[in-house]
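Residue-level structural notes
Below are the chains, spelled out letter by letter.
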Amino acid sequence: MNRLFRGIGMILATATLLVSLSPPIASHAAEKPRLLKETTIDFLVDTATWNAYPVAHTRTTDYGNGFDVTDEFHKFPSLKIKLPSGNPDISYYNYIYEGEQWDSSPTVHYYPSGDHIYWTIEINRKPQYIRQLYDYNTKTATMKLVKEFITKEYADQIDVFPDFGAYALNKYYEDINDSYLYAISTGKFLGRIDSAYEPSSKDDSIKGLIYDHKPAAKSLIVKLDVTSKTEPPKGTKDWYSYLGVYYIPTTYEMLPDGSKKPIKVTGNSVMNFGEDWTYKVGNTRYTSYYDKKIKAWLISAKSARNNTPIVFTHAGTISKVSFSPNNKYMIITEIKQGPNPNIFSATYSYTTQIIDAPTGKVLRVLPAYYRKHSQHSYNWNYGDELVEVEYSEYARNGYLNLSTGMFVGKYEDWAEGVASYSGDFSELLSPEPGREILVNDKIKVNLSAPDLFLSDHDLWYVGLKSFSDAVGATIATNNQTTTISLNGKSFKADSKTLIKFRGRMFIPMKDFRNLGLKIQLNGQENVRKYANEY
């Protein structure tokens, strides 16, 4: 029997499914095509022999032409691998998809760059741990194995720096400079390093670093420990000694040919509460500072046209700040502290301000998306307009559409992939793929995004017109009241739960049960309250 082996990664954009049972949607030829392409890499596994080879699946949705959907599958049997002894556990996270069984036991990480998707797979089965790096060219639909490592250490892993064109095998059990860096195109060994990152990365932990000179395009910032028998001069940071040897962290800028020169980090704009920092967007300078008069840390903005600072935060709060990738927006989350100001604690009662970063103008003030459970962080995987909100404790993660201030939930169990979108993510409430809805145990409805999403209150929402068309229901609007009818039964859309977005209406999927329909979403009648609930 053949089974498909699906890896765990971070979803970067939506996929959509073809509505095979609904009437054709009229083409909007005047609209500019907005193509969303999601590619997933999976393994087709023969469980009789445990041989497996990769399959690339690309799904393209044209949002400018009636949500036309096309699918492409490319198989690569020449890249067959033999899974290690101690067959992988195929009973974990299994679900049925298009008649095949998919599994998410192996771990896959995606690294897109232009027409290429570099991806790694980790299969952890004693006594061998397999680490592989592949290069999939989305333009030519070709794939090659760049490198395979078979190690005895679980912690060994491959890191990829796609724009720079290199990868590193990390051997965490070694004492110093434990990452071995290689060029992807030639396999040339570029040297041992302690760690590396691309200065153009969207990673918030390195965003906003200030250097003594601007790093070159497609360069790599590498860190390594330099040993010396002489104690480093005063002012040297983070050095340590062991058995008479001094280990001095040193930072270099590496070029694609492997040459490197020293570079220094002279400052950063990582926005941590309780620290002085400054971050400039155009002519507006944002500052975190301690106000001695009110004994509180505050955040303010000052522009070249206005000498009077705008103060965004207040005493008695903890503030968290995040900028969108292209500095279009600034988000400030202000969390109220506990009753005792001498104890660093939070009540988790807080608000969120969305600010136009170039001007400092407050665009929206939101509650904590109806959350008081825990603090959260932001993941910027969808450009400036859509940000993923991730909570640290039991709470439904979700997506915040910054243009509208609307927040929807994240389901967590979607297929993984990497994608590009020629449109604007502000057009979407959720970047997650559609799922199959089963009606009356026989009618399969596959809605195109954004006609299916999970609301903030754990309810599945569907596009009113799309779902009605799919099941044959009619819609009538009179005096701002919307009535949905089918086979002599009807119900009115509840204005309290109705969601309007970009000229479209969405209602809870369960409301269609008022028409006598039995509705299931991938066999689920209900949704877990929290995505990270066990």
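This is a predicted model, so every value here is computed, not measured.

Focus on the overall build of the protein chain
- Within the protein chain, the secondary structure is distributed over 1 helix and 45 strands.
- Across the 534 residues in the protein chain, those meeting the buried criterion constitute 48%.
- Contacts in the protein chain between residues at least 24 apart in sequence constitute 50% of all its contacts with a sequence separation of at least 6.
- When the accessible surface of the protein chain is split by element, carbon and sulfur atoms take 50% of a total near 26900 Å².

As for unusual backbone geometry
- One non-glycine residue, N177, adopts positive backbone phi at about 45 degrees.
- Along the polypeptide, N177 turns up in the loop between β13 (166-170) and β14 (179-183).
- Of note, R502 is a non-glycine position whose phi angle comes to about 50 degrees, a positive value.
- Relative to the assigned elements, R502 resides in the loop between β43 (499-501) and β44 (504-508).

Describing the nonpolar core
- Counting residues in hydrophobic clusters, the biggest one holds 25 residues, and the most contacted among them are I437, V462, F467, I484, F512, L515 and L517.
- Elements supplying a minimum of two residues to this core: β36 (436-439), β38 (452-454), β39 (460-463), α1 (464-471), β41 (481-486) and β45 (519-521).
- Discounting residues that sit within four places of it in the chain, L517 has contacts with V439, N440, V471, L486 and F512.

Side note on the pattern of salt bridges
- Within the structure shown, the criterion is met by 6 salt bridges.
- Ionic pairing is found between D451 and R504, a salt bridge with its closest N-O pair at 2.9 Å. With D451 in the loop between β37 (443-446) and β38 and R504 in strand β44, this residue pair connects regions lying 53 residues apart in the sequence.
- Residue R504 is classed as partly exposed on the basis of its relative accessible area of 24%.

A look at the packing of aromatic side chains
- Counted by the stated rule, this structure contains 17 aromatic pairs.
- With a centroid separation of 5.6 Å and an interplanar angle of 10 degrees, the aromatic rings of F453 and Y461 are classed as stacked. Comparing F453 with Y461 shows no difference in burial state: the two are buried.
- An aromatic cluster is present here, built from F149, Y167, Y180, Y182 and F189 joined pairwise through their rings.

Things to note about the confidence of the model for the protein chain
- Looking at the protein chain, the pLDDT average stands at 78 and 77% of residues meet or exceed 70.
- The low-confidence segment residues 1-31, where pLDDT is below 50, has 122 contacts with residues more than four positions distant or belonging to other chains.
- Low pLDDT, under 50, characterises residues 529-534; the predicted model gives this stretch 16 contacts beyond four residues in sequence or across chains.

A short note on the pairing of strand β33 (residues 398-401)
- Burial along β33 is two-sided: G398 and L400 facing one way and Y399 and N401 facing the other are all buried.
- Note that strand β32 (residues 386-391) and β33 share 4 bridges and pair antiparallel. Each bridged residue has a counterpart across the sheet, and for E388 the counterpart in β33 is Y399.
- Here β33 hands over to strand β34 (residues 406-409) after 4 residues, with G405 in that stretch at a positive phi of 80 degrees.

Considering the sheet that holds β37
- Strand order in the open sheet formed by 3 strands is β37-β36-β45, and the pairing between neighbours is antiparallel. Whereas interior strands pair on both sides, the edge strands pair on one side only; in this sheet they are β37 and β45. Neighbour-to-neighbour, the strand axes of the sheet open up by a mean angle of 25 degrees, direction not taken into account.
- Those strands touched by α1 are β36, β37 and β45, and its axis lies near 45 degrees from that of β36.

Here we look at the side chain of T317
- With respect to the secondary-structure elements, T317 resides in strand β27 (residues 317-323).
- When its relative accessible area of 9% is taken as the criterion, T317 is described as buried.
- Of the polar contacts made by the side chain of T317, one reaches the side chain of E334; its length is 3.0 Å.

Topic: the pairing of strand β24 (residues 284-291)
- Direction of pairing for strand β23 (residues 277-281) relative to β24: antiparallel, over a ladder of 5 bridges. Bridge assignment links T278 to a residue of β24, and that residue is T287.
- Count of turn residues in the β23/β24 antiparallel hairpin: 2 residues, of which G282 carries a positive phi of about 60 degrees.
- Bridge count for β24 against strand β25 (residues 296-303) is 8 bridges, and the pairing is antiparallel. Along β25, the bridge assignment pairs T287 with S300.

Looking at the environment of N381
- Considering the arrangement of structural elements, one finds N381 in the loop between β31 (376-379) and β32.
- Accessibility expressed as a relative area gives 21% for N381, which makes it partly exposed.
- Taking C-alpha positions, N381 is 8.8 Å from P325, a pair spaced 56 residues apart along the chain.

Quick look at the sheet that holds strand β26 (residues 306-311)
- Strands sit in the order β23-β24-β25-β26 across an open sheet of 4 strands; the sheet is antiparallel. With partners counted over all chains shown, the strands left at the sheet margins are β23 and β26, one partner each. When strand polarity is set aside, the average angle formed by the axes of neighbouring strands in this sheet is 25 degrees.
- Bridge count for β25 against β26 is 3 bridges, and the pairing is antiparallel. If you follow S303 over to β26, its bridge partner there is N306.

Some thoughts on α1
- Burial runs high along α1: 6 of the 8 residues are buried.
- Those residues of α1 that sit buried are L464, S466, F467, S468, A470 and V471.
- G472, located one to two residues past α1, shows a positive phi value of around 85 degrees.

Calculation criteria
The numbers attached to residues start from 1 for each chain and follow its sequence in the written order. pLDDT decides what is reported in this predicted model: residues at 70 or higher carry local features, side-chain atom pairs at 80 or more are listed and counted, and totals for whole chains, interfaces and linings draw on all residues regardless. Calculated side-chain values reflect all of the structure's heavy atoms, with hydrogen atoms and water omitted. Comment: elements are numbered from the N terminus, with helices defined as DSSP H or I runs of at least four residues and strands as E runs of at least two. Whether a residue is buried, partly exposed or exposed follows from its accessible area with a 1.4 Å probe, protein chains only, as a fraction of its type maximum: under 20%, in between, or over 50%, in that order. In what follows, residue pairs with any heavy atoms lying within 4.5 Å of each other are defined as contacts. The method behind every accessible area is Shrake-Rupley, applied with a 1.4 Å probe, and residues are considered shielded solely by the protein chains displayed. Here the nonpolar core consists of buried residues drawn from Ala, Val, Leu, Ile, Met, Phe, Trp, Tyr and Cys, with membership extended through side-chain atoms lying within 4.5 Å. We define a salt bridge as a contact between a side-chain nitrogen of Lys or Arg and a carboxyl oxygen of Asp or Glu at a distance within 4 Å. When two rings of Phe, Tyr or Trp (its six-membered ring) have centres within 6.5 Å they constitute a pair, described as stacked for plane angles under 30 degrees, edge-to-face for angles over 60, and tilted for the intermediate range. The predictor attaches a confidence to each residue, called pLDDT, with possible values from 0 through 100. Strands were regarded as paired on the criterion that DSSP finds at least two bridges between them. In this analysis an axis means a line fitted to C-alpha atoms, helices contributing only their contacting stretch, and an angle means the value between N-to-C directions, from 0 to 180 degrees. Here a polar contact is recorded for every N or O atom pair within 3.5 Å, except that within protein the pair must consist of a potential hydrogen donor and a potential acceptor, and residues adjacent in sequence are included only if both atoms are side-chain atoms.

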